[in-house]
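Chain and residue survey
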Amino acid sequence: MKRPSVSVPQEPAVPPTPPVPLATLLAREDLDLRELVAAGDTVVHGAHASEMADPVPYLLGGELLLTAGAHGPGAADPAAYWDGYAARITAAGGAALGFGVAPVHPGVPPELVAACAARGLPLIEVGPGTAFAAVARAVWQLMARERLAELRRIAEAQQSLTAAAGRPDAVPAVLHRLAARLGGRAVLYGPDGAEAAGTAEVPDPALAELARRVARSPSATATAVTGDEHLAAYALGGGRDGLVLGVATPGRRSGDHTIASVAAVLLTLLTGRPGSRPGEPRTTALVRLLLGASPAEVAHLLGDGGTGGTGGRADGAGDRTDGAGDSTDGAGDRTDGAGDRTDGGAAALWYVVHARPTGPAAPDPVTAAALGAALGSPLVDPAGDVVRVLLPAAREPAPQPGWTLGVSAPAEPAGWPAADAEAARALARARATRVPLLRHTGRPALSALVPAGEAAAYARALLAPVAAVPALPETLRTWLSLHGGWDRTAVALGVHRNTVRQRIARCAALLGADLDDPDVRMELWFALRQR
């Protein structure tokens, strides 16, 4: 015996177009529309005219259906006829009904008004001088305007979120900016389902449960509705790291999904894949080795493998700084896709960048990774309150929002330790002069005219009276580099201006020199550059 087929009622499909509030259409004075059954917050996704008694097969759902009632009730009971007509439109997902008067009916049949009111179907009277084509054209014009506004909203949100991703507190900044853009809450959940960061003042069990469901399933996204809130969850990086972005908003506006997806992509880039993420211990160890650290100084970053076999490789990398540099340089060139080599195979040039957040917060590994991604290099070392980045010279460093940068002169691998010192000095000057980025100039120096051994001996003899107290030559160097600026030197060193004055006065006394004399300053600067 053949089983009877069972049809499951499906929710009518709504066209993927930005909706138009029906109230906006009613406000058009040129259309002569009158509201008979309240529209409320109804939105329409299009307009369609039909004189069929059963227009359901030709509706997608969400339309403003326009009719002059030519199909009419005929000899049938008007109340029953119009009630069935309204019922069919409602079941098909029609958003509203527009009834044109004069051609067939002198007015809107009262039975139709009663049927629409009973079923909550908004009813509009279309005046005798208004063509249905004019109403449809107005709907499409409003939809085009809504689409343009939606695209502008998405573009502005993307720019805002991208700017937030460049801040020192990148992950919290993106979450707060997303929540502000959507008018709701945004939470980042960790692999264990616990809240890692977010804007929710109190835990949200429903959102957390949705995030856990996404983390356990192959689906990258999921949505739910609880009360008046719309919940959405997005697995970062396809769910490989177990991180999930949860978003709770009052309702669902057109474009919200796209904006949240942009934030999910940015958060994926900021959190990265464990093991290859800039700022991971092994990447940090590599950068420090390349910039001149000894293997013993970075062994603790290699974990349990820091001794034995891995330690041997670290020693080898340390012993072959130039070779490791050349290899890394080549990798960097391959990453750029250019493989740039100069002078018949000479190593390409690199910048060393020192960066410090403009705010009080110290950078964490995720923030350092975001900076490296913005500059275009995975070689990042988040050391204390300064982040160091090794950057191919093919990538010109640019100012980054929320950061102060000092950039070395381009250097070959053998010169990276010296470039590291150049970047540190450039950063100090940038902070003192309050500029977002300052470069070390690579012009030929006077010191090149004096043999290195003689210059070093001269520096040791001249600075011997102040060498016993490390703070004195460092303060003197900074003060001279800033042309004797007390306040700027204090900012660069992170001390009070009175401390700077006391140290400079002590330097003058110990050296027995007039520090206002330009010749004395020149000699001291030359000596300090040899240290």
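In this text the structure is predicted, and so the values were computed from the model without any measurement. The numbering scheme is per chain: residues are counted from 1 as the chain's sequence reads. Reporting of local features is limited, given that this is a predicted model, to residues whose pLDDT is at least 70; pairs of side-chain atoms are given and counted only at 80 or more, and all residues count toward the totals for whole chains, interfaces and linings. Hydrogen atoms and water are omitted, and side-chain values are computed over all heavy atoms in the structure.

**What to know about the confidence of the model for the protein chain**
Residue-level confidence of the predictor is summarised by pLDDT, bounded by 0 at the bottom and 100 at the top. Per-residue pLDDT for the protein chain averages 78, and the proportion of residues at 70 or more is 80%. In this description, contact between two residues means that some pair of their heavy atoms is separated by no more than 4.5 Å. With pLDDT under 50 throughout, residues 273-279 is counted as low confidence; its partners more than four residues away or in other chains account for 16 contacts. Note on residues 303-346: pLDDT under 50 across the span, and 47 contacts to partners over four residues away in sequence or across chains.

**Quick word on the sheet that holds strand β8 (residues 185-189)**
DSSP calls a pair of strands paired once it identifies at least 2 bridges connecting them. Each helix is a run of DSSP H or I of at least 4 residues and each strand a run of E of at least 2, with the numbering of both proceeding from the N terminus. If you trace the five strands from one edge of the open sheet to the other, you get β9-β8-β12-β11-β10, paired in antiparallel fashion. Among the strands making up the open sheet, the edge pair consists of β9 (195-198) and β10 (221-226). For this sheet, the mean inter-axis angle between neighbouring strands, taken without regard to orientation, is 20 degrees. In this structure, strand β11 (residues 229-235) lies alongside strand β12 (residues 244-249), joined through six bridges in antiparallel fashion. From the neighbouring strand, Ala233 faces β12, where its bridge partner is Gly246. Across the sheet, helix α5 (residues 170-182) touches β8, β9 and β12, and the angle it forms with β8 is around 145 degrees. For helices, the fitted axis covers only the stretch in contact; all axes are lines through C-alpha atoms, and the angles between them, taken along N-to-C directions, range from 0 to 180 degrees. Contacting β11 and β12, helix α7 (residues 256-271) crosses the sheet at an angle of about 150 degrees to β12.

**Quick look at the packing of helix α13 (residues 416-433) against helix α16 (residues 486-493)**
Packing of α13 against α16 leaves a shortest axis separation of 8 Å and a crossing angle of 125 degrees. Between α13 and α16, the angle falls in the class oblique. The hand of the α13/α16 crossing is right-handed. Facing Ala428, Arg431, Ala432 and Thr433 of α13, the residues of α16 in contact are Arg488, Val491 and Ala492. Per-class residue counts for the contact of α13 with α16 are four nonpolar, one polar and two charged. Angles below 35 degrees are treated as roughly parallel, those above 145 as roughly antiparallel, those between 65 and 115 as roughly perpendicular, and all remaining angles as oblique. Handedness of each helix crossing follows the sense of rotation of the near helix against the far helix: counterclockwise by less than a right angle gives left-handed, clockwise gives right-handed. Only Asp, Glu, Lys and Arg are considered charged in this grouping, and only Ala, Val, Leu, Ile, Met, Phe, Trp, Tyr, Cys and Pro are considered nonpolar; every other residue, Gly among them, is considered polar.

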